[in-house]
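So you can see what is in the structure, the chains are spelled out below.
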Amino acid sequence: EAAPYVPALVVGTGYGAAVTALRLGAAGIKTTMIEMGQLWNTAGKDGKVFCSTLNPDRRSMWFHRRTEAPLDTFLWLDVVNRDLGRPYAGVLDRIDFPNMGVYVGRGVGGGSLVNGGMAPTPDRAYFEKVLPQVDADAMYRRYFPLARRMLGVNTIDPRYLEQTPVYKYARVSRRHAHRAGFRTSVVPNVYDFNYLRREEKKQAPRSALAGEVIYGNNHGKLSLDKTYLADALGTGNVTIRTLTRVTTIRQHGKGYLVGLEQIDAWGKVIRRSELACRHLFLGAGSVGTTELLLRARETGTLPDLPAAIGRGWGTNGNVMTARANHLWDPTGTLQSTIPTLAIDNWRHPKHPAFAEIAPLPVGLETWASLYLAITVNPERGHFTYNHHTDRADLHWSAGQSTPSIRSAQFLFDKINKAIGTTYRRDLFTGNRPFAADFCYHPLGGALLGKATDNYGRVRNHPNLYITDSALIPGTLGVNPFVTITALAERNITHILAKDLNRR
Ligand code: FAD
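A.B. asks: I'd love a proper account of the site of the ligand, names of residues and values included.
C.D. replies: Close to the ligand lie 36 residues; Glu35, Gly111, Met118, Ser469 and Phe481 are nearest. The backbone of Gly107 places a nitrogen or oxygen atom 3.3 Å from an oxygen atom of the ligand. Backbone polar atom of Gly117 to an oxygen atom of the ligand: 3.3 Å apart, as the coordinates give it. Coverage of the ligand by the protein amounts to 95% of the 1000 Å² it exposes when considered alone.

A.B. asks: Residues and numbers for the packing of helix H1 (residues 15-26) against helix H10 (residues 481-498), please.
C.D. replies: At a minimum axis separation of 8 Å, H1 and H10 run at an interaxial angle of 35 degrees. Crossing of H1 over H10 shows right-handed handedness. In this structure, H1 uses Tyr15, Gly16, Val19, Thr20, Arg23 and Leu24 to contact H10, whose residues at the interface are Phe481, Ile484, Thr485, Ala488, Glu489, Ile492 and Leu496. Of the residues that constitute the contact of H1 with H10, the class distribution is 8 nonpolar, 3 polar and 2 charged.

A.B. asks: How would you sum up the packing of aromatic side chains? Please name residues and give values.
C.D. replies: In this description, a pair of aromatic rings is defined by centroid distance and the angle of the planes. Tallied over the full model, the rule gives 19 aromatic pairs. Taken together, Phe97, Trp313, Phe383 and Trp396 form an aromatic cluster joined through their ring pairs. One residue, Arg58, lies across the ring of Tyr88, its end atom 4.7 Å from the ring centre. It is Arg106 that lies over the ring of Trp62; its NZ or CZ is 5.9 Å from the centre.

A.B. asks: Any details on the side chain of Glu261? Residues and values, ideally.
C.D. replies: Looking at where Glu261 falls in the secondary structure, it is placed in strand E8 (residues 255-263). Looking at Glu261, its side chain comes within polar contact range of the side chain of Arg272, at 3.1 Å. Excluding residues that lie within four positions of it along the chain, Glu261 makes contacts with Leu243, Thr244, Arg245, Thr247, Val269, Arg271 and Arg272.

A.B. asks: Account for empty space enclosed by the protein, naming residues and giving values.
C.D. replies: Evaluated as defined, the whole model comprises 2 cavities of 30 Å³ or more. Taken as a whole, the largest cavity spans an internal volume of roughly 50 Å³. What lines the largest cavity is simply Thr20, Phe281, Tyr465, Ile466, Thr467, Ala488, Asn491, Ile492 and Ile495. Those elements that provide at least two residues to the lining of the largest cavity are strand E21 (464-466) and H10. Ranked by residues supplied to the lining of the largest cavity, first place goes to H10 with 4 residues. Taken together, the residues of the lining of the largest cavity break down into 6 nonpolar, 3 polar and no charged. Computed from the structure, the second largest cavity encloses a volume of approximately 30 Å³. If you trace the second largest cavity, you find it lined by Phe50, Leu113, Asn217, Lys221, Ser223 and Lys226. Across the lining of the second largest cavity, the residue classes break down as 2 nonpolar, 2 polar and 2 charged.

A.B. asks: Account for unusual backbone geometry, naming residues and giving values.
C.D. replies: Of note in this structure, Leu243 is not a glycine but carries a positive phi near 50 degrees. With respect to the helices, strands and loops of the structure, Leu243 is situated in the loop between strand E6 (238-241) and strand E7 (244-252).

A.B. asks: Run through the pairing of strand E12 (residues 341-345), naming residues and quoting values.
C.D. replies: Across the 5 residues of E12, 5 count as buried, placing the element largely inside the fold. Inspection of the sheet shows strand E5 (residues 183-186) paired to E12 by 4 bridges, in the antiparallel sense. Paired with Val186 across the two strands is Leu341, which belongs to E12. Pairing of E12 with strand E13 (residues 353-358), which is carried by 4 bridges, proceeds in the antiparallel orientation. Residue Ala342 lies in a different strand from E13, and its bridge partner there is Glu356.

The rules behind the values
- Residues numbered from 1 in each chain as written.
- Predicted model: local features only at pLDDT ≥ 70, side-chain atom pairs only at ≥ 80, totals over all residues.
- Heavy atoms only, no water.
- Near = heavy atom within 4 Å.
- Polar contact = N/O pair within 3.5 Å; in protein donor to acceptor, adjacent residues only side chain to side chain.
- Areas by Shrake-Rupley, 256 points an atom, 1.4 Å probe, with all protein chains shown as cover.
- Axes fitted to C-alpha atoms, helices over the stretch in contact; angles between N-to-C directions.
- Helix = DSSP H or I, 4+ residues; strand = E, 2+ residues; numbered from the N terminus.
- Left-handed = near helix turned anticlockwise from the far one by under 90°.
- Contact = heavy atoms within 4.5 Å.
- Nonpolar A, V, L, I, M, F, W, Y, C, P; charged D, E, K, R; others polar.
- Phe/Tyr/Trp six-rings, centres within 6.5 Å; stacked < 30°, edge-to-face > 60°.
- Lys NZ or Arg CZ within 6 Å of the ring centre and 35° of its normal.
- 1 Å grid on protein atoms, 1.4 Å probe; cavity = no way out; pocket = protein on both sides within 12 Å on 5 of 7 lines; lining within 4 Å.
- Points joined across faces, edges and corners; volume = space filled by probe spheres on them.
- Buried < 20%, exposed > 50% of the residue type's maximum accessible area, 1.4 Å probe, protein only.
- Pairing = 2+ DSSP bridges.

Functional significance is not addressed by these values, which are geometric in nature.
Listed below in structure tokens is the structure:
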């Protein structure tokens, strides 16, 4: 019996996938999106779709028995993480490899459901260094502005930033950075800052002020289901299948045949099937897309996939750290989960760092300043296919995180010296002041210009495309989703015109 056929199939519903599906649908091409996570639109017993970081339940994590928040402890106490009971198709996944835990979103909208919404555009000179083959003029004139507009990026009103108690933590860190001679900058976001003002005044239900972020925001954030994906469905040509994972890819005439596994929210497989397509677009994220291609190459369903697949993976130099403030420098008991300021030491010749000032929204005064720094880390990991587990294994040694830590330490040692403060050692197990054994910004695995041509076409495989963060070579210098979106816009514009004759 022949498998059902769709003209275009898009794997995943994150940034790369959502852009691609909208543009295909708008060009009149019938498109099916396959997403392994849930559609997050139904309220639980508490009346909310998502749970908060302070009171996580089964909705928090993707088939984990316990939450795995980036902070392990608080005052060395095991109070941060919670047992969850029966594993469930929650919204945040942490894929644990030796020496590296990779956080990703699961559900319609991918990472946009769980991320902090920070929407900076990279420094142009650095972008040109990282992706020299991409026409930077086109990106900075056309595709970055388009991405920001489509994503609904906005910037906090400076007067509000200066007076609101919910960003006291950001102002304290900013003052300390300035005192040490560093610059800071305001970071745009897709969280609606007008909504934030209303929730602060209790004129709207609280989300950023209710500890909601990594397990989803119930209000205020323009995640992809409210932007690109809503528009994609609005074309009438795009459909989304949820709780369905693409497992295999094989050649099928001039197109591809994918194997699908559908589960219920408790993980029980309820159906296995196949779907044929002419054009196949991979947007399963850096780890997801790389794994699908590695599996296809190593199990022989697409044996001629390039050797470059699985290579060139990086953490965007992610490293988390915290400082202990003096008692006269409280950071506030009500903190917005949405970061809005960063310490910008990106131009430093030896130790570039862009450190977002993160909240520690635990509802009581902590005297802590928390940071997620993005640094330059030249180390790259690679993936191999594991025949026993049928998964991709990441090869990343603990020492490969050291350059990230060095650059962050250069910055925060200077701040601590200027202010007379120290690091907090109670937050990460082992009394470590820095945690670079996890990342929020996985990048690479199937690089633009190496695994693919300059537009994401997989080499030697007509009609097979990569659309997502797997294309980006391990570093960007800023939070990545605006760039992933803009690059996907650029690539699909070219592919629609050249491969599908649409304009
Ligand atoms: P993703 O958004 O990861 O989407 C991939 C989708 O594919 C997922 O929905 C996944 O479930 C699905 N999928 C995977 N494999 C399969 C399969 N085999 N079959 C079917 N579906 C599959 N970035 C920023 O720019 N700003 C921030 O403030 C920020 N904060 C972050 C905070 C957290 C906690 C995390 C985890 C990330 C954060 N990021 C942030 C990173 C950003 O979210 C990611 O870079 C971005 O989502 C990657 O986009 P993508 O299109 O590559 O894939």
